[in-house]
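# Chains, contacts and geometry: an overview
One letter stands for each residue in the lines below.
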Amino acid sequence: MKLFIDTANVEEIRAAAACGIVSGVTTNPSLIAKEGRKLEDVIHEIVSLVDGPISAEVTEGDAETMIAQGRDLAKIHKNIVIKLPMTWEGIKACKTLVKEGIKTNVTLCFSVDQALLAMEAGATFVSPFMGRLDDAGMETEELIRNIAKVKAIYGYKTEIIAASIRNLKHIESAALAGSDIATIPYKVMMKMIEHPLTDAGLKIFANAAKSK
Ligand code: G3P
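Just so we're clear, the structure is a prediction, and the values are computed from it rather than from any experiment.

For the rest of this paragraph, the subject is the site of the ligand. All residues in the neighbourhood of the ligand are listed as Asp6, Asn28, Lys83, Phe129, Arg132, Ala163, Ser164 and Arg166. With respect to the ligand, the side chain of Asn28 contributes an N or O atom lying 3.1 Å from an oxygen atom. One of the side-chain N or O atoms of Arg132 is found 2.6 Å from an oxygen atom in the ligand. Considering the ligand on its own, with 310 Å² of exposed area, one finds that the protein chains cover 82% of that surface.

Taken as a whole and assessed by the stated rule, the structure comprises 11 salt bridges. The closest approach of N and O atoms between Arg166 and Asp135, which form a salt bridge, is 3.1 Å. Placement of the pair is Arg166 in the loop between β7 (159-162) and α9 (168-176) and Asp135 in helix α7 (residues 130-135), with a sequence separation of 31 residues. Residue Asp135 is classed as exposed on the basis of its relative accessible area of 54%.

With respect to topology, eight strands assemble into a closed barrel ordered β1-β2-β3-β4-β5-β6-β7-β8, the strand pairing being parallel. Neighbour to neighbour, the strand axes of the sheet diverge by 25° on average, direction disregarded. The strands that helix α5 (residues 88-99) touches are β4 (80-85) and β5 (103-109); relative to β4, the one it contacts most, it runs at about 155°. Across the sheet, helix α6 (residues 112-120) touches β5 and β6 (125-128), and the angle it forms with β5 is around 170°.

Turning to the state of the cysteines, a few remarks are in order. Working definition of a disulfide: a covalent bond connecting the sulfur atoms of two cysteines. Taken as a whole and assessed by the stated rule, the structure comprises zero disulfides. We note that Cys109 lacks a disulfide partner, and the nearest cysteine sulfur, in Cys94, lies 12 Å from it. Overall, Cys109 belongs to the buried group, its relative accessible area being 0%.

With that settled, the discussion passes to the side chain of Thr7. Mapped onto the secondary structure, Thr7 falls in the loop between β1 (2-6) and α1 (10-18). In this structure the side chain of Thr7 is engaged in a polar contact, spanning 3.0 Å, whose partner is the backbone nitrogen of Asn9. In this view, Thr7 contacts Glu12, Ile13, Val25, Thr26, Thr27 and Leu31; residues no more than four positions away in its chain are not counted.

Right, let's talk about the pairing of β1 for a bit. Counting buried positions along β1 gives four out of five residues, so the element sits mostly inside the fold. One ladder, built from four bridges, connects β1 with strand β8 (residues 181-184); its direction is parallel. Bridge assignment links Lys2 to a residue of β8, and that residue is Ile181. In this structure, β1 lies alongside strand β2 (residues 22-26), joined through four bridges in parallel fashion.

Thresholds applied
Residues numbered from 1 in each chain as written. Predicted model: local features only at pLDDT ≥ 70, side-chain atom pairs only at ≥ 80, totals over all residues. Heavy atoms only, no water. Near = heavy atom within 4 Å. Polar contact = N/O pair within 3.5 Å; in protein donor to acceptor, adjacent residues only side chain to side chain. Areas by Shrake-Rupley, 256 points an atom, 1.4 Å probe, with all protein chains shown as cover. Salt bridge = Lys/Arg side-chain N within 4 Å of Asp/Glu carboxyl O. Helix = DSSP H or I, 4+ residues; strand = E, 2+ residues; numbered from the N terminus. Buried < 20%, exposed > 50% of the residue type's maximum accessible area, 1.4 Å probe, protein only. Pairing = 2+ DSSP bridges. Axes fitted to C-alpha atoms, helices over the stretch in contact; angles between N-to-C directions. Contact = heavy atoms within 4.5 Å. Disulfide = S-S within 2.5 Å.

Function cannot be inferred from these measures alone, as they are strictly geometric.
Structure (structure tokens):
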């Protein structure tokens, strides 16, 4: 499963990219607002840090405006992916942008039906949200597994990005359910390497090396 970082903070992206396991970046309007910067400025910087898909989300509600915004953002760099909402306008915009060779990510996906619409519209990525489903007390791993199943049955090329990841359990569930990608906040990504037995083992080996 590929690992993307879910942040608009360039320091976090730089640090995670230096670890060598980040193959893409996702942002959203909330993450951009947190940085207090313009979307275009942040995106220009991110493309120089990670050579992989970089999702930039449109903010307008109707298809025509989303298409225009998407075309402008896509001009910034070949790796830009236009993130579109799971609405009929978003699906219409997706279909048009895909025809123009622009990569898309349909976001705010919470059901197999919604994922099917994104895949049928030819989206490059579809983003089911694990954390927000969890918040609503709904099953997350099953959703990812079922989307992956539909993708396999019909041979869709759309890649599944498990998003809204809040903890390690979400990452493990996404991997076990066959997600293509998990997009992970920096703090959660850094926790992936932690295990008390690794720490204990490191101490044992360090002591053994000193005793020689
Ligand atoms: O990529 C979408 C994701 O960032 C949403 O996460 O934690 O706001 O549900 P969250």
